[in-house]
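# Structure assessment
Chain residues, written in single-letter form:
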Amino acid sequence: MPPPKFQITRVVRVLPTASALPGIMNGGLPTEILLQIFREVARAEAYTGARRDLLAFGLVCRKWTCSLDLLLWDFQGRGLPHWHTWPPNIHALGKAVTDRPALGLSIRQFSTETFMRPSLLGFVNNGDDLPSNPGFTSDVVAVLRTTNNLQYLDLHDIDVCQIEAVTSALYDLHKLHTFALGIPYLPPHTKGRGDIGFVELAHCLARWPALKSMRMLHFHFRPTMMQPATLPLPVCALTELVISNARLSDSELMHIMSSSLKTLERVVFDTIYGVTYACLRTCLDAISHNVTSLRVGNLRTVRWKDGVQEERVLDATIDKMLRLRSLDISGDMASELMLQRRAKLFTSSTRDRSITMDSPLPVIQLSLHEVPGLPVGVTDQEWPGWEISRLD
């Protein structure tokens, strides 16, 4: 009897050559890093979908920290929300950068406005309210302590009891380019919570050499007994300064501007309480040679000296603003004399370029908002060097 026949099946696994393997094996992520990614994805309950994957890669590989730039759109977006949750969870971001501070180095822009309650922003509240203000501020501080490469910061709604921790974190932002204080959409009589003091701001300006733009909107300083003359001087050279619906003194304004008088190009002084006419005129005189865009209006100043009414501030300074191209005025800031002086200077510059400049003066785009010194009968005339539009 013949022996039984056995069928032997052999399974052969064919692997591609080393050159055909994906980048994971050749100069890419090693196996242990891939395993760590999977663990982080499984534990990242704060994020979902693609955002979770981006976070996981950023947590385990330095080359993937650039993914945080995409992830942070969650925290930088403006306008109506279009993400799964709103507002974004700042506690999750604060915890992530606290656990792995290197992740904060990828953050270039940060705004606390994005984390405000939907009801305050005018959106429909979906039940995802922010934590209490102290907890919110603690998370902001945690983020700021890791963002040494931060270039843009919009800061408000902080807890005044933690102001020392906030300013301590601000001191290290040596690469900061743009800084905003206050809330742009609140009415003038509404004050943001936990405004920082002038002393803290002065110390920040003395440590931010890269700062070029600063905005103070609907803002007031906390009271202080310290005089600006005793504080360190700013080291920044601002090109843009916006102060609107704010309260500050002459000495505070002069201190903020002291290092930028020769560099400021775009300036807004709108509805400032506490600044005198003399200070305003001094400031405009000091920046007149470089300013190209200026908005001045609704300033509570008195133009009386020794019983005599002084010139309106723009009447007195317009002939020094040789580079000015855009001027926005509201309130009793100018009269027909301003138009006359600039028109005369403009005509002279086009006829004889050697008097002041190598080229003719630019035409000024003038916007008027209820300026009593410039009635319709005056502005309807043709004025050389002016293009006038009325918004009242």
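Above this text is the structure in question.
Here, residues in each chain are numbered from 1, in the same order as that chain's written sequence. Under the rules for a predicted model, residues below a pLDDT of 70 receive no local features and side-chain atom pairs below 80 are neither given nor counted, while totals for whole chains, interfaces and linings still include all residues. The basis for every side-chain value is the complete set of heavy atoms in the structure, and neither hydrogens nor water enter the calculation.

## Some thoughts on the overall build of the chain
Scanning the chain from terminus to terminus reveals 14 helices and 12 strands. Exposure categories follow from relative accessible area, calculated using a 1.4 Å probe and restricted to protein chains: below 20% of the type maximum is buried, above 50% is exposed, and the middle band is partly exposed. When each of the 392 residues of the chain is scored for burial, the buried share is 47%. Of all intrachain contacts in the chain linking residues separated by at least 6 positions in sequence, the fraction that spans at least 24 positions is 73%. Note on areas: Shrake-Rupley with a 1.4 Å probe; residue coverage comes only from the protein chains shown. When the accessible surface of the chain is split by element, carbon and sulfur atoms take 56% of a total near 20,300 Å². Numbering of helices and strands starts at the N terminus; helices are DSSP runs of H or I of at least 4 residues and strands are runs of E of at least 2. By the convention used here, residues are in contact when the closest approach between their heavy atoms is within 4.5 Å.

## So, helix α8 (residues 163-170)
Buried residues of α8: Ile163, Val166, Thr167, Ala169 and Leu170, and no others. Around the axis of α8, the buried residues are gathered within 160 degrees of arc, so they sit on the same side. When we speak of the arc, we mean the arc of directions from the helix axis to the C-beta atoms.

## Here we look at the nonpolar core
Ranked by size, the top nonpolar core spans 82 residues in total, and within it Phe269, Leu314, Leu327 and Met338 carry the most contacts. For Met338, the residues in contact, after removing those within four places along its chain, are Leu314, Asp315, Ile318, Leu327, Ile329, Leu366, Leu374 and Trp386. Nine residue types can take part in a nonpolar core, namely buried Ala, Val, Leu, Ile, Met, Phe, Trp, Tyr and Cys, and a core is a set of them joined through side-chain atoms within 4.5 Å.

## What to know about the packing of aromatic side chains
Paired rings are identified among Phe, Tyr and Trp, the last through its six-membered ring, by centres lying within 6.5 Å, and are further divided according to the angle between planes into stacked (under 30 degrees), edge-to-face (over 60) and tilted (the rest). Within the structure shown, the criterion is met by 1 aromatic pair. A centroid spacing of 5.0 Å and a plane angle of 70 degrees characterise the contact between Phe179 and Trp208, whose relative ring orientation is edge-to-face. Taken together, the positions of Phe179 in strand β3 (residues 178-182) and Trp208 in the loop between α9 (198-205) and β4 (213-220) put the pair 29 residues apart, joining distant regions of the chain. Judged by relative accessible area, Phe179 falls into the buried class, the value being 0%.

## Description of the pairing of strand β2 (residues 152-155)
Neither face of β2 is left uncovered, since the one carrying Tyr152 and Asp154 and the one carrying Leu153 and Leu155 both have all their residues buried. Any two strands are treated as partners once DSSP identifies two or more bridges connecting them. Of the strand pairs in this sheet, β2 and β3 are connected by 4 bridges, and their pairing is parallel. Following the sheet pairing, Leu153 is matched in β3 by Phe179.

## What about the side chain of Asn149?
If you trace the backbone, Asn149 turns up in the loop between α7 (133-144) and β2. Under the rule applied, a polar contact is a pair of N or O atoms within 3.5 Å (in protein, one hydrogen donor and one hydrogen acceptor; residues adjacent in sequence only if both atoms are side-chain atoms). Within the structure, Asn149 has its side chain in polar contact with the side chain of Lys175 (distance 2.9 Å).

## Side note on the environment of Thr146
Secondary-structure assignment places Thr146 in the loop between α7 and β2. Contact partners of Thr146, with chain neighbours within four places excluded, come to Val97, Pro101, Gly104 and Leu105. At a separation of 2.9 Å, a polar atom in the side chain of Thr146 contacts the main-chain carbonyl oxygen of Val143.

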